[in-house]
Amino acid sequence: MNPSEEQIEKTLRQALRPRPNPGLRRQLVDQIQLPAAGQTGAQAGSFGGAWFSRWWPTLATCALAVAAVVVYASQQSEINQLRQVIAALQQEADVRVAAAPAAETRGVSTVPMPDGAAELASLRATAQQLSTEIAVLEALRTENARLKTQTAAALGVSAEALEQLANAKEKAQSIACINNLKQLGLAARMWATDNGDVLPPNFTSMSNELFTPKVLVCPADTARQPAADWGSFTMANVSYEFLAPSGSETEPQRVVFRCPIHGHVCLADGSVQSSLAKTHPEWFIQRDGKLMLEQPQMPAQPAPTGAVQPGQMDPEMMKRYGLVPAPAQPDAAPTEPPQ
Amino acid sequence: MNADETQLVEAAKRGELRAATELVDRFYEALFAFLRRLAGNEADAADLTQKTFARVWPALPRFAGRSSVSSWLHGIAHHVYQDWRRANHRLEPRPDEWWEDCPDPRHTPDRLAADADLAAALYGAVDRLEPDLRSTVHLHHYQGLTLEETADALGVAASTVKYRLRSAVQQLQARLAEKTSPSSTLNLSRKP
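Source: prediction; values computed, not measured.

Colleague: A description of the state of the cysteines should follow, citing residues and the corresponding values.
Modeller: One covalent bond between the sulfur atoms of two cysteine residues makes up a disulfide. All chains considered together, the criterion is met by zero disulfides over all chains. Take C177 of chain A: it sits in no disulfide, and the sulfur closest to it among the cysteines is that of C259 of chain A, at 3.5 Å.

Right, dumping it as structure tokens:
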């Protein structure tokens, strides 16, 4: 059995139709329950009916277009209002600019400053506050002087001696600070020698070169406490500024460390300049992001007669060694060199 | 689309009982035949036909006339059959030989035996097709719906109906060829 497609379709179309029971028609007719007359599809539909389900894409598009038009119109209205405001402000500004030179020539401000009164009141309040603080400072200064006098009387020394004592203490602290910077400079140079003439990147890197981290705190810095050892060391235990981390050791005038209290600076060549940062801040120049010390060239002072210049041999010694030609003696025989 | 049938539906919408009765008279036999072939027995087919018309009357106001009344009713019947099949867990078809119960007035007793064999084998093969293909063949070939009406009833595109019909015919042709292959003949001959 190998029928063709046409034969199959023809046989299918000629299929027999099963006949229903004759009683089925009566049952179906009896079960007819027509909906109420006049009920529309929109009322019967579960979601707006057939009309809505058919037309909702068009309705949605129309609603979207209307919404876009409304938004566009409202934005245009706002833009027009803003343009009017800008024009009004521009006109007002032009009037003020035109009126300002005339007021300056008269020395009187004809244009009212909206914030002038408030600013004046603020300045007055600031002045009042500063006056109060000055009065408090004066009272503190007087109290300080009185306490100094009382302390000196209690110790049995004069006020001048107490002042000298304080100065001596400050000087000792300054010398100790210089010593600290010397040690820091030496440690940095040692580190650089071992690391291709490059200075250390931070203080912690010099832990092998520095005997103790206590040298990182200036004696005059009462706000910081030196670390007991490198294990407990943090940047809160440092008074000095490290201005050339990972810098080159081959720039001798570059400032490596600086004490912000005394103004001492340690240069890349290891030398420490005392208080230069405070006494001559103009000698420090930023060049390519590096702080360099450039001292002005001093004019050479003529040496006093008979004085020995540094690096120059005594004239008598020079004569002795034949470095200075002796005055010409026509008849004298040439001096023989000592045998 | 038959304007007369559409007018009947409109009249039924207005509550005219005579129009509704006329609709029953015109379509209940076709719907019963459709459901009888699908359901496999007389009682279920009659029950499903009643359920179909029970759904038709409340749905009358939603009939917009975009499809023919026939395809609309067949669509409802198809949905009723699918609901019934799911509810009864009859996911696999259980074909019965419905054609043997139906007297055929169109053929004379001298009809060739070969044609009868072909028809029986063909109808049996149709009932063993996949559900989608089977429904399409039933609606288009057995019920006589056009391609568009079949597509409306099944809720698919006309091109899908064409594809399904083409696949169905090819599968039927292959199955009928298998039935008469030499191997099957050999197997039959070995039976004791």
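We are not done yet, so read on.
Colleague: Describe the interface of chain B and chain A, and please don't skip the residues or the numbers.
Modeller: Every contact between the two is made by 52 residues of chain B and, on the other side, 39 residues of chain A. Interface area, chain B with chain A, both sides summed: about 4,200 Å², of which 65% is carbon and sulfur. Taken together, the links from chain B to chain A amount to six residue pairs in polar contact (both at pLDDT 80 or more). The set of elements that each furnish at least two residues to the side of chain B that touches chain A consists of α1 (3-13), α2 (17-39), α3 (42-59), α5 (113-127), α6 (131-142) and α8 (158-179) of chain B. Broken down by element, the side of chain B that touches chain A gets its largest block of residues, 12 residues, from α2 of chain B. Looking at the side of chain B that touches chain A, its residues break down into 28 nonpolar, 10 polar and 14 charged.

Colleague: Any details on the packing of aromatic side chains? Residues and values, ideally.
Modeller: For the structure on display, the rule yields eight aromatic pairs over all chains. Between F203 of chain A and F242 of chain A, the ring centres sit 5.3 Å apart and the planes meet at 45 degrees, which makes this aromatic pair tilted. You can see F203 of chain A sitting in the loop between α6 (159-194) and β1 (241-242) and its partner F242 of chain A sitting in strand β1, a full 39 residues away along the chain. For the pair F203 of chain A and F242 of chain A, a shared accessibility class is recorded, and that class is buried. Consider the rings of Y123 of chain B and Y142 of chain B, whose centres lie 6.0 Å apart with planes at 80 degrees: the pair is edge-to-face.

Colleague: I'd like a rundown of the packing of α2 of chain B against helix α4 (residues 69-87) of chain B, residues and numbers included.
Modeller: Residue and element names in this part refer to chain B. Relative to each other, α2 and α4 sit at 40 degrees, their axes nearing to 10 Å. The handedness of the crossing between α2 and α4 comes out as right-handed. When α2 is examined against α4, the residues L23, F27, A30, L31, F34, L35, L38 and A39 are found in contact with a partner set consisting of V69, S70, L73, H74, A77, H78, Y81 and W84. A per-class count over the contact of α2 with α4 returns 13 nonpolar, three polar and no charged.

Colleague: Help me get a handle on the nonpolar core, residues and values and all.
Modeller: In this structure, L23, F53, W57 and W72 of chain B are the most contacted members of the largest nonpolar core, which totals 40 residues. If you tally residues by element for this core, the top one is α2 of chain B, at 12 residues. The residues contacting F53 of chain B, other than those within four sequence positions of it, are L28 of chain A together with V24, F27, Y28 and L31 of chain B. L199, V215, A227 and V238 of chain A belong to the second largest nonpolar core, which has 25 residues in total.

Colleague: Can you explain unusual backbone geometry? Please cite residues and give values.
Modeller: Residue and element names in this part refer to chain A. A positive phi angle, near 60 degrees, is found at D197, a position not held by glycine. Its place among the elements puts D197 in the loop between α6 and β1. Owing to a relative accessible area of 37%, D197 belongs among the partly exposed residues under this scheme. The phi angle at S275 is positive, at roughly 55 degrees, despite the residue not being glycine. Mapped onto the elements of the fold, S275 is located in the loop between β4 (272-273) and α7 (276-279).

How each quantity is defined
- Residues numbered from 1 in each chain as written.
- Chains lettered and ligands numbered in written order.
- Predicted model: local features only at pLDDT ≥ 70, side-chain atom pairs only at ≥ 80, totals over all residues.
- Heavy atoms only, no water.
- Disulfide = S-S within 2.5 Å.
- Contact = heavy atoms within 4.5 Å.
- Buried area = accessible area lost by both parts, 1.4 Å probe.
- Polar contact = N/O pair within 3.5 Å; in protein donor to acceptor, adjacent residues only side chain to side chain.
- Helix = DSSP H or I, 4+ residues; strand = E, 2+ residues; numbered from the N terminus.
- Nonpolar A, V, L, I, M, F, W, Y, C, P; charged D, E, K, R; others polar.
- Phe/Tyr/Trp six-rings, centres within 6.5 Å; stacked < 30°, edge-to-face > 60°.
- Buried < 20%, exposed > 50% of the residue type's maximum accessible area, 1.4 Å probe, protein only.
- Axes fitted to C-alpha atoms, helices over the stretch in contact; angles between N-to-C directions.
- Left-handed = near helix turned anticlockwise from the far one by under 90°.
- Core = buried A, V, L, I, M, F, W, Y, C linked by side-chain atoms within 4.5 Å.

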